[in-house]
Amino acid sequence: VIPLTNCRRVPLLSPEATAHCGGGCSFFEITSDSTEFIICTPDELGSPIDDLRPPFAVSSEGNCLQSSGISDGDKLVVNPAVEVRDFNVCVICWRDHLSAKRIRKLQNGDIELRSDNGVAVVPADDVENGLFEIWGKVISIHRKLRHNVF
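The shown structure was predicted, so the numbers you read here are calculated from the model rather than taken from an experiment.

Novice: Could you clarify how one ought to interpret unusual backbone geometry in this entry?
Specialist: A negative phi holds for most residues other than glycine; trans holds for most peptide bonds. Ser-47 connects to Pro-48 through a cis peptide bond whose omega is 10°. Looking at the secondary structure, you find Pro-48 in the loop between helix 1 (42-45) and strand 5 (56-61). Of note, the phi angle at Phe-87 is positive, near 75°, even though the residue is not glycine. In this structure, Phe-87 sits in the loop between strand 6 (75-79) and strand 7 (89-94). Even without being a glycine, Asp-96 presents a positive backbone phi close to 70°. Along the chain, Asp-96 turns up in the loop between strand 7 and strand 8 (97-105).

Structural data, given as structure tokens:
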């Protein structure tokens, strides 16, 4: 049993903000402040915790990261302060669209976005011009039990 005093409330971004496995949802669809929170243990948040870039959660949409254990409707807990390494699952924003992808940084400055459906490449120019941003590493997943699934 973990005492609640060691847990942290993590805001779930508005329902409009879902991390798609495909092209992503528009960042501009995030229309409201968080009204829902997920209670997370320290292990579910990773470390360090930076209060200037606090953990948050987003809902996932799509099934293209099932090989990483992510299913449609899961809540992805993201910690922006945790170091991101190649092939980590991250929430990214590219050209104003939010997505969850495995990333790989290439030597030429490009970034590969990988999913079970294939690979897309973010040109180094998009990174340099602020059109691409890694919001943070997905640390844990919260999901509801799905009954009557055969």
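Structure's up, so let's keep going.
Novice: Is there a simple way to think about the pattern of salt bridges in this case?
Specialist: For side chains of opposite charge, pairing can occur when their charged atoms come near one another. Under the criterion given, the structure shown has eight salt bridges. For Asp-51, the salt bridge goes to Arg-8, with nearest N and O atoms at 2.9 Å. Taken as a pair, Asp-51 in the loop between helix 1 and strand 5 and Arg-8 in strand 1 (residues 8-12) lie far apart in primary sequence, 43 residues in all. Since its relative accessible area comes to 28%, Arg-8 is described here as partly exposed. The partner of Glu-83 in a salt bridge is Arg-85, with the nearest N and O atoms 3.5 Å apart. Neither Glu-83 nor Arg-85 differs from the other in exposure class; each is exposed.

Novice: Please clarify how the packing of aromatic side chains should be interpreted in this entry.
Specialist: Tallying each qualifying case throughout the model produces one aromatic pair. Relative to Trp-135, the ring of Phe-56 lies with its centre 6.0 Å away and its plane at 75°, an arrangement referred to as edge-to-face. Taken as a pair, Phe-56 in strand 5 and Trp-135 in strand 11 (residues 132-142) lie far apart in primary sequence, 79 residues in all. Assigned by exposure class, Phe-56 and Trp-135 land together as buried. The positively charged end of Arg-9 is found above the aromatic ring belonging to Phe-37, 3.8 Å away from the centroid.

Novice: Sorry, what's going on with the pairing of strand 8 here?
Specialist: Every regular strand shows the same layout, with side chains that alternate between the two sheet faces. One ladder, built from six bridges, connects strand 7 with strand 8; its direction is antiparallel. When the sheet's bridge partners are listed, Val-89 is paired in strand 8 with Arg-102. Between strand 7 and strand 8, which pair antiparallel and follow one another directly, the connecting turn spans two residues, one of which, Arg-95, has a positive phi of 50°. Here strand 8 hands over to strand 9 (residues 111-115) after five residues, with Gly-109 in that stretch at a positive phi of 100°.

Cut-offs applied
Residues numbered from 1 in each chain as written. Predicted model: local features only at pLDDT ≥ 70, side-chain atom pairs only at ≥ 80, totals over all residues. Heavy atoms only, no water. Helix = DSSP H or I, 4+ residues; strand = E, 2+ residues; numbered from the N terminus. Salt bridge = Lys/Arg side-chain N within 4 Å of Asp/Glu carboxyl O. Buried < 20%, exposed > 50% of the residue type's maximum accessible area, 1.4 Å probe, protein only. Phe/Tyr/Trp six-rings, centres within 6.5 Å; stacked < 30°, edge-to-face > 60°. Lys NZ or Arg CZ within 6 Å of the ring centre and 35° of its normal. Pairing = 2+ DSSP bridges.

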